[in-house]
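Breakdown of the fold
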Amino acid sequence: MAAFIEVRTTVEGHEKAAVLAHEILGADLATSIDIDEVPSPSSSAETSTWRLTLITTDAHAPAMEALIRSAGPVGPIESRPVTYDIDSYPDWMPGHP
């Protein structure tokens, strides 16, 4: 079984976030992508900041990080293993019963 990795980063602008997510999915580098708007004091009123949370395999994580970096300026890229309790939901699904 492949180990799963959660990768998070932020980008400026909803169009850039959508293009990056599309490229990642098109390259088959993620099994799941979540995009949400986040507050950022450095963003202008015209440009918002979007957080991408991606789930990938351990083997695909380096290629995904390289693709994210090639997209231009992004926030820090954080990667961590997805851990879970067999009797619970994965830790990346907070708030579920």
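Let me begin by describing the structure that accompanies this report. Positions within a chain are numbered from 1, following the residues in the order the chain's sequence is written. For this predicted model, a pLDDT threshold of at least 70 governs which residues receive local features, and a threshold of 80 or more governs which side-chain atom pairs are given and counted, while totals over whole chains, interfaces and linings are taken from all residues. Side-chain numbers come from the whole structure's heavy atoms, not from hydrogens or water.

Focus on the overall build of the protein
Operational definition: Secondary structure elements follow DSSP: runs of H or I of four or more residues count as helices, runs of E of two or more count as strands, with numbering from the N terminus. Relative accessibility decides the category of a residue: with a 1.4 Å probe and only protein chains considered, values under 20% of the type maximum give buried, values over 50% give exposed, and everything between is partly exposed. We call two residues contacting when some pair of their heavy atoms lies within 4.5 Å. Methods summary: accessible areas were calculated by the Shrake-Rupley approach with a probe of 1.4 Å, and residue burial reflects only the protein chains presented.
Along the backbone of the protein there are 2 helices and 4 strands. For the protein, the succession of helices and strands along the chain, N to C, is β-α-β-β-α-β. Considering the protein as a whole, with its 97 residues, one finds that 32% of them fall into the buried category. In the protein, 70% of the contacts between residues at least 6 apart in sequence involve partners at least 24 apart. Within the structure as shown, the protein displays about 6200 Å² of accessible surface, and the carbon and sulfur contribution to it stands at 57%.

With respect to the pairing of strand E3 (residues 49-57)
Rules: Note on pairing: DSSP must find at least two bridges between two strands before they are called paired.
Counting buried residues along E3, 8 of its 9 residues qualify, which places the element largely inside the surrounding structure. Sheet topology note: the strand E1 (residues 4-12)/E3 ladder contains 9 bridges and is antiparallel. Along E3, the bridge assignment pairs Val 7 with Leu 54. Direction of pairing for strand E2 (residues 32-38) relative to E3: antiparallel, over a ladder of 7 bridges. By the bridge assignment, Asp 34 is partnered in E3 with Thr 53.

Considerations on the environment of Glu 6
The condition is simple: N or O atoms closer than or at 3.5 Å make up a polar contact, with two conditions inside protein: a donor-capable atom paired with an acceptor-capable one, and, for residues adjacent in sequence, both atoms drawn from side chains.
Topologically, Glu 6 is positioned in strand E1. Only 3.2 Å separates the side chain of Glu 6 from the side chain of Arg 8, close enough to count as a polar contact.

Some points on the sheet that holds strand E4 (residues 78-81)
Backbone-to-backbone hydrogen bonds pair the strands of a sheet. The strands run either parallel or antiparallel. Basically, it comes down to this: Angles here are taken between N-to-C directions and fall from 0 to 180 degrees, while the axes themselves are lines fitted to C-alpha atoms, restricted in helices to the stretch in contact.
One open sheet accounts for 4 strands, arranged E2-E3-E1-E4; its pairing is antiparallel. Each edge of the open sheet carries a strand with a single partner, namely E2 and E4. Taking the axes of each pair of neighbouring strands and ignoring which way they run, one obtains an average angle of 20° across the sheet. Across the sheet, helix H1 (residues 14-26) lies against E1, E2 and E3, angled at about 10° from E3, the strand it touches most. Against the sheet, helix H2 (residues 61-70) engages E1, E3 and E4, with an angle of about 155° to E3.

As for the nonpolar core
The cut-off we apply is this: Nonpolar cores were defined as sets of buried Ala, Val, Leu, Ile, Met, Phe, Trp, Tyr and Cys residues, with membership established by side-chain atoms within 4.5 Å.
Counting 17 residues, the largest nonpolar core has Val 7, Leu 20, Ile 24, Leu 52, Leu 54, Met 64 and Ile 68 as its most contacted members. Broken down by secondary-structure element, the contributors of at least two residues to this core are E1, H1, E3 and H2. The contact partners of Leu 52, leaving out residues within four places of it in the chain, are Val 7, Arg 8, Thr 9, Val 11, Ala 17, Leu 20, Ala 21, Asp 34 and Ile 35.

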